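So you can see what is in the structure, the chains are spelled out below.
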Amino acid sequence: MKLVIGIVRPEKANDVLEALYRAEVRGVSMSRVQGHGGELDRVETYRGTTVKMGLSEKVRFEVAVSDDFVDPAIEALCEGGRTGEVGDGKIFVVPLERAVRIRTGESDKAAVTPVDGR
Amino acid sequence: MNGLALAALPAGIDSGDTAWMLVATALVLMMTPALGLFYAGLVRSKNTLNTFMMCIGALAVAGVVWALLGYSLAFDGTGSLLGGLGYAGLQGVDFLPREGTAIPQLLFFAFQATFCMITAALVSGAVVERMRFGPFLVFIALWSLLVYSVLAHWSFGGGWLSANGTLDFAGGIPVEMGSGFSALAAAVVVGARKDYGRQALLPHNAMYVLLGAGLLWFGWFGFNGGSGFATGDPSVLAFVNTLLTPACSLLVWFVLDLIRGRKVTAIGAATAIVVGCVLITPAGAFISPGWAMVLGAVGALPCYLLIMWRPRTRVDETLDVLAAHGVAGFTGILAIGLFASFAWNGVADGLFYGDAAQLGHQALAALVTPLYAFGMTYVLLRAMSLFTALRTSEHEEAVGMDVVQHGEEAYASGEGAILVLPADGEKLVAEPG
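About the criteria used
Residues numbered from 1 in each chain as written. Chains lettered and ligands numbered in written order. Predicted model: local features only at pLDDT ≥ 70, side-chain atom pairs only at ≥ 80, totals over all residues. Helix = DSSP H or I, 4+ residues; strand = E, 2+ residues; numbered from the N terminus. Rg over C-alpha atoms; globule rule 2.2 N^0.38 Å. Buried ≥ 20, exposed ≤ 12 C-beta atoms within 10 Å, placed from the backbone. Contact = placed C-beta atoms within 7 Å. Pairing = 2+ DSSP bridges. Axes fitted to C-alpha atoms, helices over the stretch in contact; angles between N-to-C directions. Parallel < 35°, antiparallel > 145°, perpendicular 65-115°, else oblique. Left-handed = near helix turned anticlockwise from the far one by under 90°. Nonpolar A, V, L, I, M, F, W, Y, C, P; charged D, E, K, R; others polar. Core = buried A, V, L, I, M, F, W, Y, C linked by C-beta atoms within 7 Å. pLDDT = per-residue confidence, 0-100. Expected span 1.5 Å × (residues − 1). Arc of directions from axis to C-beta.

Draft legend 1. View of the overall build of chain B. When helices and strands are tallied, chain B shows 16 helices and 1 strand. Computed over C-alpha atoms, the radius of gyration of chain B comes to 22 Å, within 12% of the 22 Å expected from 2.2 N^0.38 for 433 residues, which places it in the range of a compact globule. By its C-alpha atoms, chain B is 65 × 60 × 45 Å across when sized along the principal axes. In chain B, which comprises 433 residues, the share counted as buried stands at 56%. Summarising the internal contacts of chain B: among those between residues at least 6 apart in sequence, 75% fall at separations of at least 24.

Have a look at this one:
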C-alpha cells in the first residue's frame, strides 16, 4: 500500500484525471499548491513594482493505492502531466502505514480498493 | 451663469439637449468597462485581465481611429455607400450644430465615438482566451473602419439603407448585427480554444457577470435615450422602452430556465438583461411601450435557443455575441417593421398598423447587414493571418493569457514574489512564463 503524490501543472490537471480514470484509479484527492522546481522565473510588473514570481501554481494529487496499482497510477500521472518543458512536476511514492474507510471501518487494502458507488 | 456664457451658445444649439447628450455620452462610455466586467466574469480566472483589457483596448484604438477617420467615413455627407473625408482628423467638427440636431457637432462626434468603442469591444467576446492582444488591437482598428464606419454610414449617416427607409433608432444595424455577425466570422477564423469541447470551461465569477450586466443596462439608458440627440418625445419613449423590454426578457428567461433545468440561473439573468437591451436598441423610439414589452418577451426566445445550441457545435463563439447581439439585433430590426406606429413615432407605421412596405425595408437591412459584417470580418482576419499569428501557442493558452500577454495576474497573492530592485545599469527583461 503506497501513497502516490503527484505535483503537476494546473493546466494538465484535467488530463491527469482522465488518465487516472482510464487506469481505473478511482480514489483521488487534489489540492492547489504553489511550488518551485527549477523552471524559469516569471517576471510580473504592477505599476512601479517589478517582481519575480518564484513560486508557480501547481496541482497536487494524492492517490492511496494497493501495491498492484502503484505503477498504473505513476504511469497515468506521467502520461497526463507531461509537456516536455521544465516545470512538469514530480511524483513521490511513500509507504502507507494504515488506511481506514470511515463509512465501514474497513482498513488497509480493502479501504483503498474502490467500491461501486450508489 | 452670466450673460457672456449665454451669448456664447451658437445659434441652433439647445442647452437642454446639449446637457442631456453630455450625460448620455458619459453613460455610453461606461458601457465598455461594464462589458469588460461582464466578459471577464464569463471566462476562466487565468484570462480575466486579458478579457477585460480587450475592452479597454477598444476604448483606446476605436477612440483614436474614430477621431482620425471613422467619424468622417460614417458621418460626412450622404454618399450612398460611404461618407467623405471632410471630417478626417476632426477638421471642421466644432460647436456649430450637427445637421438635424440642436447639439454641437463636437458632442455628436463624441457620442458616436462611444458607440464605435463598445461595438469593437463586443467583438472580442468571440476570441477571448486565445487571441493575441497585439493582433486584436490591429484587428479592431481596421474593423472599426471597414465594418463599423460603413454600417454606421448606411444606417445613421445618410447612406443607402436609411435613404431607402430602413429605421434603426440606436444601432441595431452597426452595433448589434455588426458586432454579432462579425463575432461569428472571428470565431471561425481564429478557431476554437484548445480545450473547447474537451473540458468544462466555466465562468469564473458570476458576480462580475451580474454587475457588468447591471451597469450595461444603466449605461444603455444613455445609449438608447441619447440616440434621439435631444430631450424630446423620441428620447423619452426610447428611455422608457429600455426599462420595459429587458424586464420582460428577464421574466421570460426565468421561465425558460425553469422549464429547462428547474432553476432560475444568475448568469442566465445577466444574459437576459443584455438581450433585452439589444432587442429594444433598434426599435427604441419607434414602437409603443406595450409592443416593447411584447418584443422583450418574444424576442428572448430565439436568443435563448441559440445560446443553448451553440455550445453543442464546433464553433467556439465563446461569449455568444452572435446570440445576444446579432440575433437580438436582427429581431429588433424586424420588430420595427411589425410594431412601428406613426401615432407613437411620427415617422412610419409597421405591418400591424397597415404598412407592409416598412417590413420590407427592415428585412432588407436584416439580410444585408449580417452578410456584410460576416464577409468583411472574415476577409479582414484571413488577410491578417497571412502576416501574423492571430492566436497564442497551445502552451501559452494553457498558462493563461493574463501572465503571457500582460505579465500580471488578476488574483495575484504575492506569495513567492521576489521584489526586483534594479541595480545601476541592470536591465530588467521580462521573460514569458
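From this point on, the discussion continues.
Draft legend 2. Broad picture of the overall build of chain A. Secondary structure assignment for chain A yields 3 helices and 6 strands. In chain A, the succession of α and β elements from N to C terminus is β-α-β-β-β-β-α-β-α. Relative to a compact globule of 118 residues, whose C-alpha radius of gyration would be 13 Å, chain A shows 17 Å and is clearly more extended. Over its C-alpha atoms, taken along the principal directions, chain A stretches across nearly 60 × 30 × 25 Å. The buried share of chain A, reckoned over its 118 residues, is 25%.

Draft legend 3. Seen up close, the sheet that holds strand β1 (residues 417-419) of chain B. Across the sheet, which stays open at both edges, the 3 strands sit in the order β3(A)-β4(A)-β1(B) with antiparallel pairing between neighbours. On the outer flanks of this sheet lie β3 (42-46) of chain A together with β1 of chain B, each paired with one strand and no other. Taken over all neighbouring pairs, the strand axes of this sheet differ in orientation by 35 degrees on average, direction set aside.

Draft legend 4. View of the packing of helix α7 (residues 172-190) of chain B against helix α14 (residues 356-385) of chain B. Residues and elements named next belong to chain B. The N-to-C vectors of α7 and α14 enclose an angle of 40 degrees; their axes lie 8 Å apart at closest approach. As far as their axial angle goes, α14 and α7 are oblique. Once α7 is placed against α14, the crossing between them reads as right-handed. Contact with α7, carried on its side by I173, M177, G178, F181, S182, L184, A185, A186, V188, V189 and V190, involves A365, T369, P370, A373, F374, T377, Y378, L381, R382 and S385 of α14 and no other residues of that element. Along the lines of polarity and charge, the residues of the contact of α7 with α14 split into 15 nonpolar, 5 polar and 1 charged.

Draft legend 5. Highlighting the packing of helix α3 (residues 48-75) of chain B against helix α4 (residues 105-123) of chain B. All names here are of chain B. Relative orientation of the contacting elements α3 and α4 amounts to 130 degrees, with a least axis distance of 7 Å. In terms of orientation, α3 and α4 fall into the oblique class. Here α3 and α4 pass one another in a crossing that is right-handed. Contacts from M54, C55, A58, L59, V61, A62, G63, W66, A67, G70, Y71 and F75 in α3 reach F109, Q112, A113, C116, M117, A120 and A121 in α4. The residue inventory of the contact of α3 with α4, partitioned by class, reads 16 nonpolar, 3 polar and no charged.

Draft legend 6. Layout of the interface of chain A and chain B. At the interface, 16 residues of chain A touch 18 residues of chain B. For the side of chain A that touches chain B, the secondary structure elements donating two or more residues are β3 and β4 (49-53) of chain A. Examining the composition of the side of chain A that touches chain B, we find that 5 residues originate from one element, β3 of chain A, more than from any other. Its residues assigned to classes, the side of chain A that touches chain B comprises 6 nonpolar, 6 polar and 4 charged. As judged from the 3 bridges shared by β4 of chain A and β1 of chain B, these two strands associate in the antiparallel manner.

Draft legend 7. Molecular detail of the sheet that holds strand β2 (residues 29-35) of chain A. Residues and elements named next belong to chain A. Strand order in this open sheet of 4 strands is β2-β5-β1-β6, and the pairing throughout is antiparallel. One side of each edge strand has no neighbouring strand; the edge strands of this open sheet are β2 and β6 (89-95). Pairwise comparison of adjacent strand axes, ignoring direction, gives a mean angle of 20 degrees for this sheet. Examined bridge by bridge, strand β1 (residues 2-8) and strand β5 (residues 56-65) share 7 bridges and lie antiparallel to one another. Paired with V8 across the two strands is V59, which belongs to β5. Running at roughly 5 degrees to β1, helix α2 (residues 70-81) makes contact with β1, β5 and β6 of the sheet.

Draft legend 8. A look at the environment of G100 of chain B. Residues and elements named next belong to chain B. Here G100 is to be found in the loop between α3 and α4. Judged by the 9 C-beta atoms lying within 10 Å of it, G100 is exposed. Separated by 129 residues in the primary sequence, G100 and F229 place their C-alpha atoms 9.1 Å from one another.

Draft legend 9. The nonpolar core, seen in detail. Ranked by size, the top nonpolar core spans 139 residues in total, and within it L35, F38, A120, I140, A186, L216 and I287 of chain B carry the most contacts. Aside from chain neighbours lying at most four places away, what touches F38 of chain B is V209, G212, A213, L216 and A270 of chain B. If you look at the next biggest cluster of nonpolar residues, it comprises 17 residues, including V4, L20, V65 and A76 of chain A.

Draft legend 10. Seen up close, the confidence of the model for chain B. In the predicted model, chain B carries a mean pLDDT of 94, and 95% of its residues have values of at least 70. Here the predicted complex scores 0.90 on pTM and 0.77 on ipTM.

Draft legend 11. Representation of the pairing of β4 of chain A within the structure. All names here are of chain A. The pairing of β3 with β4 spans 5 bridges and is antiparallel. Among the inter-strand pairings, V43 is bridged to a residue of β4, identified as K52. Between the end of β3 and the start of β4, which pair antiparallel, lie 2 residues, with R47 showing a positive phi angle near 50 degrees.

Draft legend 12. Examining α2 of chain A more closely. All names here are of chain A. For α2, spanning 12 residues, the distance from its first C-alpha to its last is 16 Å, which sits close to the expected 16 Å at 1.5 Å a residue. Considered for burial, the residues of α2 that qualify are A73, A76, L77, G80 and G81. Down the axis of α2, the smallest arc covering the buried residues is 105 degrees, so these residues share one side. Buried residues along α2 sit in contact with β1, α1 (13-22), β5 and β6.

Draft legend 13. Representation of the environment of D76 of chain B in the model. Residue and element names in this part refer to chain B. Among the structural elements, D76 can be located in the loop between α3 and α4. Given 20 C-beta atoms within a 10 Å radius, D76 is considered buried. Sequence-wise, D76 and F352 are 276 residues apart; in three dimensions their C-alpha atoms are separated by 35 Å. If sequence neighbours within four positions are ignored, D76 has contacts with G83, G84, L85, G86 and Y87.

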